[in-house]
Amino acid sequence: MRRAWLLLPALLMTPPVWGQQVCECDPLKPDRMAIRNCSLCGEAEKASGEVFFVKDISPRKPNRWLALPRRHSAGQHHLHEMSGAERIALWKAAIGKARELWGGEWGVAYNGPKVRTQCHAHIHIGRLLKGVERDINVVTVSRIDQIPSPKDEGIWIHPLGTKFHVHLGEQTTETALLR
Ligand SMILES: [Zn+2]
Ligand SMILES: [Zn+2]
Ligand SMILES: [Zn+2]
């Protein structure tokens, strides 16, 4: 964990990409950690285990949970920049928790980079809303390790029998889930 933060000066020199915040939080600097975009980074500092869960703090989303990796990764903590093993562990944990909470009605959603407001990677967990199903930009996979990881898009996933229906091509994806 400590070693990751030694890389921070290099990250801070990376120019910000349009529409994305570059994470500048630093556990050694409380004022930085107090930045609103970094509040989930602060949660990660308090957590244990490879993946942890928090209830969405928004009073407008009383039914939502989040799954997060404990490790901070570079800048915006993009899912496609995590190692395959880390990403699979995160999806597995998120889907496991979603099933536990919502049985066969579960859904999980990762917002695209243009609409994310929190720098720390997080997957939204909730009940899939009725009427959101569509058949464009969607792939069906049998296993969690087959979930694609696009660079510039969000992802939302729900069960399709024993398989996974993976929706791509959108930025705001959490709206597929009950608030
Ligand atoms: Zn941060
Ligand atoms: Zn973080
Ligand atoms: Zn679907």
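These numbers were taken from a predicted model, which means no experiment stands behind them.

## Quick notes on unusual backbone geometry
So, point 1. In this structure, His77 is a non-glycine residue whose phi angle is positive, near 55 degrees.
So, point 2. Checked against the element boundaries, His77 lands in the loop between strand S2 (65–69) and helix H5 (84–102).
So, point 3. Unlike most non-glycine residues, Asn137 shows phi in positive territory, near 55 degrees.
So, point 4. Inspection of the secondary structure puts Asn137 in the loop between strand S4 (123–127) and strand S5 (138–141).

## Considerations on H5
For an α-helix, the turn length of 3.6 residues means that residues three or four places apart are oriented alike.
So, point 1. Over its 19 residues, H5 extends 26 Å from the first C-alpha to the last, a length consistent with the 27 Å expected when each residue adds 1.5 Å.
So, point 2. Turning to H5, its buried residues number three or more, namely Leu90, Trp91, Ala93, Ala94, Ile95 and Ala98.
So, point 3. Contacts from the buried residues of H5 go to strand S1 (51–55), S2, strand S3 (106–110) and S4.
So, point 4. In the stretch just after H5, Gly103 is the one whose phi turns positive, near 55 degrees.

## Observations regarding the environment of Phe53
So, point 1. For Phe53, the location among the structural elements is in strand S1.
So, point 2. Phe53 sits 10 residues away from Glu43 along the chain, and the two C-alpha atoms are 9.6 Å apart.
So, point 3. Setting aside chain neighbours within four positions, we find Phe53 in contact with Trp65, Leu66, Ala67 and Lys97.

## Some points on the pairing of S4
So, point 1. Burial runs high along S4: four of the five residues are buried.
So, point 2. Sheet analysis places S2 next to S4, joined by three bridges and oriented antiparallel. Across the sheet, the residue bridging to Leu66 is His124, located in S4.
So, point 3. Direction of pairing for S3 relative to S4: antiparallel, over a ladder of four bridges. Residue Gly107 lies in a different strand from S4, and its bridge partner there is Gly126.

## A few points about the sheet that holds S3
So, point 1. One open sheet holds the seven strands; their spatial order is S1-S2-S4-S3-S6-S7-S5, and the pairing between them is antiparallel. Two strands lie at the open edges of the sheet, namely S1 and S5, each paired on one side alone. The mean angle between the axes of side-by-side strands here comes to 25 degrees, regardless of whether they run parallel or antiparallel.
So, point 2. As defined by bridge partners, strand S6 (residues 154–160) adjoins strand S7 (residues 163–170) across six bridges and the pair is classed as antiparallel.

How each quantity is defined
- Residues numbered from 1 in each chain as written.
- Chains lettered and ligands numbered in written order.
- Predicted model: local features only at pLDDT ≥ 70, side-chain atom pairs only at ≥ 80, totals over all residues.
- Helix = DSSP H or I, 4+ residues; strand = E, 2+ residues; numbered from the N terminus.
- Expected span 1.5 Å × (residues − 1).
- Buried ≥ 20, exposed ≤ 12 C-beta atoms within 10 Å, placed from the backbone.
- Contact = placed C-beta atoms within 7 Å.
- Pairing = 2+ DSSP bridges.
- Axes fitted to C-alpha atoms, helices over the stretch in contact; angles between N-to-C directions.

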